[in-house]
Amino acid sequence: MRAYGDALFLKRCYFICLSGCIVIGIAALFFYFLDVSVPEHMKKCPLYDVTGLYCPGCGGTRAVVCMFHGKFLDSLKYHAVVLYGSIIFLLFMVTHTISIFFHGRYKGLQFRPVYFYIAIGIILIQWIYKNLFWIIEGVHLI
Amino acid sequence: MENQNFSQQSAGYSQMPSEQKPGSGLAIASMVLGIVALVLSCCLYFVSIPCAIISVILGGVSLKGHKGGKGMAIAGLVTSIVSLIPAVIVMISGAALLSSAGFNI
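Residues numbered from 1 in each chain as written. Chains lettered and ligands numbered in written order. Predicted model: local features only at pLDDT ≥ 70, side-chain atom pairs only at ≥ 80, totals over all residues. Heavy atoms only, no water.

I'd like to hear about the interface of chain A and chain B, residue by residue, with values.
Listed per partner, the contact involves 22 residues of chain A and 23 residues of chain B. Here chain A and chain B share an interface that buries about 2000 Å² over both sides, 81% of which is from carbon and sulfur atoms. Along the contact surface separating chain A from chain B lie zero salt bridges. Taken together, the connections running from chain A to chain B amount to one residue pair in polar contact (both at pLDDT 80 or more). When residues of the side of chain A that touches chain B are traced back to their parent elements, those giving at least two are α3 (46-51) and α7 (113-137) of chain A. In terms of residues, the side of chain A that touches chain B owes the most to one element, α7 of chain A, which gives seven residues. Class assignment of the residues belonging to the side of chain A that touches chain B gives a composition of 17 nonpolar, three polar and two charged. (Contact = heavy atoms within 4.5 Å. Buried area = accessible area lost by both parts, 1.4 Å probe. Salt bridge = Lys/Arg side-chain N within 4 Å of Asp/Glu carboxyl O. Polar contact = N/O pair within 3.5 Å; in protein donor to acceptor, adjacent residues only side chain to side chain. Helix = DSSP H or I, 4+ residues; strand = E, 2+ residues; numbered from the N terminus. Nonpolar A, V, L, I, M, F, W, Y, C, P; charged D, E, K, R; others polar.)

Explain α7 of chain A residue by residue, including any values.
Spanning 25 residues, α7 of chain A covers 35 Å between terminal C-alpha atoms, matching the ideal 36 Å at 1.5 Å per step. Turning to α7 of chain A, its buried residues are Pro 113, Ala 119, Ile 120, Ile 123, Gln 126, Trp 127, Lys 130 and Asn 131 of chain A. Elements in contact with the buried residues of α7 of chain A: α5 (72-78) and α6 (80-101) of chain A together with α2 (24-39) and α4 (70-100) of chain B. One or two positions beyond α7 of chain A, positive phi appears at Gly 138 of chain A, with a value near 70°. (Expected span 1.5 Å × (residues − 1). Buried < 20%, exposed > 50% of the residue type's maximum accessible area, 1.4 Å probe, protein only.)

Would you mind going over the packing of α2 of chain B against α4 of chain B in detail, with residue names and values included?
All names here are of chain B. At a minimum axis distance of 7 Å, the contact between α2 and α4 shows a crossing angle of 25°. The orientation of α2 with respect to α4, classified from their angle, is roughly parallel. Note that α2 runs across α4; the crossing there is left-handed. Judged by residue contacts, Ser 24, Ala 27, Ile 28, Ser 30, Met 31, Gly 34, Ile 35, Ala 37 and Leu 38 of α2 engage Met 72, Ala 73, Ala 75, Gly 76, Leu 77, Thr 79, Ser 80, Val 82 and Ser 83 from α4. Counted by class, the contact of α2 with α4 contains eleven nonpolar, seven polar and no charged residues. (Axes fitted to C-alpha atoms, helices over the stretch in contact; angles between N-to-C directions. Parallel < 35°, antiparallel > 145°, perpendicular 65-115°, else oblique. Left-handed = near helix turned anticlockwise from the far one by under 90°.)

Would you mind going over the nonpolar core in detail, with residue names and values included?
Burial of nonpolar side chains together is a common tendency in soluble globular proteins. The biggest cluster of nonpolar side chains holds 21 residues, and the ones touching the most others in it are Phe 92 of chain A together with Met 31 and Met 72 of chain B. Looking at this core, the elements that each hand over two or more residues are α1 (7-34), α6 and α7 of chain A together with α2 and α4 of chain B. In terms of residue count, α2 of chain B provides more of this core than any other element does, five residues in total. Ranked by size, the runner-up nonpolar core spans 14 residues in total, among them Tyr 54, Cys 58 and Leu 83 of chain A together with Cys 42 of chain B. (Core = buried A, V, L, I, M, F, W, Y, C linked by side-chain atoms within 4.5 Å.)

Explain the environment of Ile 123 of chain A to me, using residue names and the numbers behind them.
Mapped onto the fold, Ile 123 of chain A is located in helix α7. Looking at Ile 123 of chain A, the relative accessible area reads 1%, which means it is buried. Here the alpha-carbon distance between Ile 123 of chain A and Ala 80 of chain A, two residues 43 residues apart in the chain, equals 7.8 Å. For Ile 123 of chain A, the contacting residues outside a window of four places in its chain are Pro 56, His 79 and Val 81 of chain A together with Ile 35, Leu 38 and Val 39 of chain B.

Without other data, these values stay purely geometric and don't point to any function.
Have a look at this one:
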C-alpha cells in the first residue's frame, strides 16, 4: 500500500481536525443546552420525499445518533460509513497525539488512498443495496 | 576519505525521493470533495453541487496535467458525477413543486 504525504502535511491535517473537533464540540454543547428544534422540512430527505428512493446519505444522521448512544450495530445498519469513518478518524487522531507526545518517535496513521476508496465503496454499495431491496423486495431496510 | 563518504551519504539522504508526487494535492482535494458531495447529495444539495463542480474541475486539472494521484483524481470525478444525479433530481423536483404551487421561479 502506498502512503502519500509527508510529516508536515499530516501534522497540518491533525491540527485542522483537532480545531474542527473543538468547533463541532462547542456547537454540539450549544445545541444540546439550548434545545434548538430542527424544522420539519429538514428532517426528511427531499429525494426520498419526491421519488421514494434513498439517497447516498440517507440514514447518516440516525447512524451518528446511534453511534453516540453506543448502539453500534444499529449505526452500521443505518449507514456503515459513519462507524468506519469514525474508527479511521479516531485512529488518526490517537496515533498522531501519541506521535506528538513522543516527539515523532512513533509514526501516526499514514494517509493512504485505500481508506478513501473503501469509504466510497461502502457508500455506493449500501446506496444500491438499500434501493434494490426496496425496489425488488418492497422492504425498507432503514 | 571519511568526510567524503559522510558528505555523499548526507547528500543521498537529502535527495531521497519523496513519496508524494507533486500535484497530488489536487487529486486528494478532488477525492475528498467528491465524497462530501456524495454524502450530502440530496439533503444539502446547495452544498453538494458546488463541491461536485469544484471536484470535477480539480480532478480534470489533475488528470490533464499528468500529475500524481491518478487513481484519486478518477475517484473524485466518479463520486462528484454520481453525486450530481440525486442533487439535480431534487433541484428539478423542488422547482416543479414550487411552480405547481403557484410560485414564480
